[in-house]
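Residue-level structure breakdown
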Amino acid sequence: MLEPNNMVKPHCDVVSTELENKEAVLLHLGTKKYYSLNETGLCIWRMLANGNTPGRISEGLRDEFDIPAVKANESVINLLKELLHEKLIEIA
Amino acid sequence: MIHVTRLSIELTNHCNLRCRHCADERHGCEGDLKMETMEKVLCNAGAYGFEHLSFTGGEPTMHPSFFRILDMITGAGYKFSFVSNGFNFTEIYERLLPYRDKLGGITFSLDGADEETHDRLRGKGSYRRVMQAISVCLVKDIPFNFNSVIVSFNREGLADMAELAAKLGSCGLRFGHLTPTPSSIKNDLVLSPAERREAEAVILRMRETSPVTVFMAPGNYTSFLFPCAPLEMQEFNIDWRGNVTMCCLLSGHGDASAKGDVIGSLNDITFSEAFEMLAEANMKFRREKEAMYSRDRFKDSDHFPCWYCLNYFGKVDWLRDFHEDPWHDTVWTDQIKRRENTNAGTQ
């Protein structure tokens, strides 16, 4: 279960590649599956890679895209759950 | 007129990696192909039917005018492809996108089915860079394939490499034998003749079942005397110095005295002169190889065509000092060379 204060980090088997159009590709070296991140996803990915908690990432997303806190929180939690499910991130 | 299909150009011998198997003397970071040479090639190659240019190196993308060259060749109507270790791809791919329609594909070097194996040969971090490169290719719809050199510590993982290539969406996987150099032998990377054939048998079996196209680069054991594009006069090679050479694999291999594969320099002769000289040298080579074979003077190891060429051009004479190496006894002696040259001359 992911809590707002959990520290999450990219899974050690994941290679991330940022593209020129503010998107990114994640490749899991274990499963060899590719995943794409849109601009919002990339923003979240960068912040989690920098060691931020889900709570801090939500705040950062709110500031970056000028969106309501509830919406930012929902976006972050939904993506982190998905990333966790695909083993693209791990709880530190 | 002979129509050669492939024009292979070594753009530079600079490289951003220091792989353990690579010939130090070959990729000594000495220089880049001159733009005048490139212009000379482009002015003349079309008349010989060339439509496609393949760039090698070194790391070809490290040529200081790489994108200017792409401008020139695509402007002149050529298609192109290149090999790369992928290390700097995330930094350069954006500039490559405008040429996407003319880009036949990129061949990335991948020498292991896992990070540890690949990095053991090519250096820490290099595997992840290749993975980043192919991630970009996948999203940007750039066709790519892999080139793998078979060495002592990855030969058990050839099937895993094919599985990896398939899962990653590669168009194909080409295996090639490692050409022995003093450093590759000292690093215990080189397969013996028997080990080579074992690896070839594995690859042959894989070709039947692999979900990705798997093939061997020329150089495998064969009864065909002329099994590769250069020997079939289907490839025209230019090294970074502007020399036209018999084969890209031979370029820069061996010591300074072993330059028999160099046809001439495009800095001194015209493209058409070089072309004629290459055709002549090719005919001479074919004549001599046929003569040697018909006299039943082939050693078993001479059925490895690249090994035959290395011997023919005196590029593995240094191996005589490596008495314990399994290839040591397969190096031609001076006596054999003199005798064969004399025999061929009296045909």
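Residues numbered from 1 in each chain as written. Chains lettered and ligands numbered in written order. Predicted model: local features only at pLDDT ≥ 70, side-chain atom pairs only at ≥ 80, totals over all residues. Heavy atoms only, no water.

This part takes up the overall build of chain A. Each helix and strand in chain A was counted, giving three helices and five strands. Secondary structure of chain A in N-to-C order comes out as β-β-β-β-α-α-α-β. Compactness check: chain A gives a C-alpha radius of gyration of 12 Å against a globular reference of 12 Å for 92 residues, within 12% of the reference. Projected onto the principal axes, the alpha-carbon positions of chain A cover approximately 35 × 30 × 20 Å. Taken across its 92 residues, chain A has 41% of its residues classed as buried. Carbon and sulfur atoms make up 47% of the accessible area of chain A, which amounts to about 5000 Å² in all. One way to put it: in chain A the 10 positive side-chain charges average out to a point 4 Å from where the 14 negative ones average out. (Helix = DSSP H or I, 4+ residues; strand = E, 2+ residues; numbered from the N terminus. Rg over C-alpha atoms; globule rule 2.2 N^0.38 Å. Buried < 20%, exposed > 50% of the residue type's maximum accessible area, 1.4 Å probe, protein only. Areas by Shrake-Rupley, 256 points an atom, 1.4 Å probe, with all protein chains shown as cover. Lys, Arg positive; Asp, Glu negative; His and termini not counted. Charge placed at Lys NZ, Arg CZ, Asp CG, Glu CD.)

In the predicted model, chain B carries a mean pLDDT of 91, and 92% of its residues have values of at least 70. Reported for the predicted complex are a pTM of 0.93 and an ipTM of 0.94. (pLDDT = per-residue confidence, 0-100.)

Below, the discussion takes up the environment of Val130 of chain B. Residues and elements named next belong to chain B. Relative to the helices and strands, Val130 is located in helix H5 (residues 126-140). You can call Val130 buried: its relative accessible area is 0%. Along the backbone, Val130 and Ser272 are 142 residues apart, and their C-alpha atoms lie at a distance of 39 Å. Filtering out sequence-adjacent residues up to four positions away, Val130 remains in contact with Asn85, Phe108, Ser109, Leu110, His118 and Phe146. (Contact = heavy atoms within 4.5 Å.)

We now examine the interface of chain B and chain A. Between chain B and chain A, the residue contacts involve 19 residues of the former and 16 residues of the latter. Summed over both partners, the interface of chain B with chain A buries about 1400 Å², with 63% contributed by carbon and sulfur atoms. The largest per-residue losses of area from chain B upon contact with chain A belong to Arg128, Ser135 and Lys167 of chain B, which jointly make up 31% of the total buried on that side. Put simply, chain B and chain A have one salt bridge between them. Here Glu20 of chain A and Lys140 of chain B are joined by a salt bridge, their closest N and O atoms 2.9 Å apart. (Buried area = accessible area lost by both parts, 1.4 Å probe. Salt bridge = Lys/Arg side-chain N within 4 Å of Asp/Glu carboxyl O.)

All names here are of chain B. Pairing within the open sheet is mixed, and its ten strands lie in the order E7-E6-E5-E4-E3-E2-E1-E8-E9-E10. At either end of the open sheet lies a strand with only one pairing partner, and these are strand E7 (213-216) and strand E10 (262-265). Along the sheet, successive strands turn relative to each other by an average axial angle of 20°, direction set aside. Both strand E1 (residues 6-10) and strand E8 (residues 235-238) contribute to a ladder of four bridges, which runs parallel. Bridged to Ile9 within E8 is Ile238. The strands that H5 touches are strand E4 (103-109) and strand E5 (144-150); relative to E4, the one it contacts most, it runs at about 160°. (Pairing = 2+ DSSP bridges. Axes fitted to C-alpha atoms, helices over the stretch in contact; angles between N-to-C directions.)

Attention now moves to helix H8 (residues 193-209) of chain B. Residues and elements named next belong to chain B. With 17 residues, H8 extends 25 Å between its outermost C-alpha atoms, agreeing within 8% with the 24 Å of an ideal straight helix rising 1.5 Å per residue. Along H8, the residues that are buried comprise Arg196, Ala199, Glu200, Ile203 and Met206. Down the axis, H8 shows its buried residues gathered within 120° of arc, on one side only. More than 90 degrees from the buried face of H8, the exposed residues found are Leu204, Arg205, Glu208 and Thr209. (Expected span 1.5 Å × (residues − 1). Arc of directions from axis to C-beta.)

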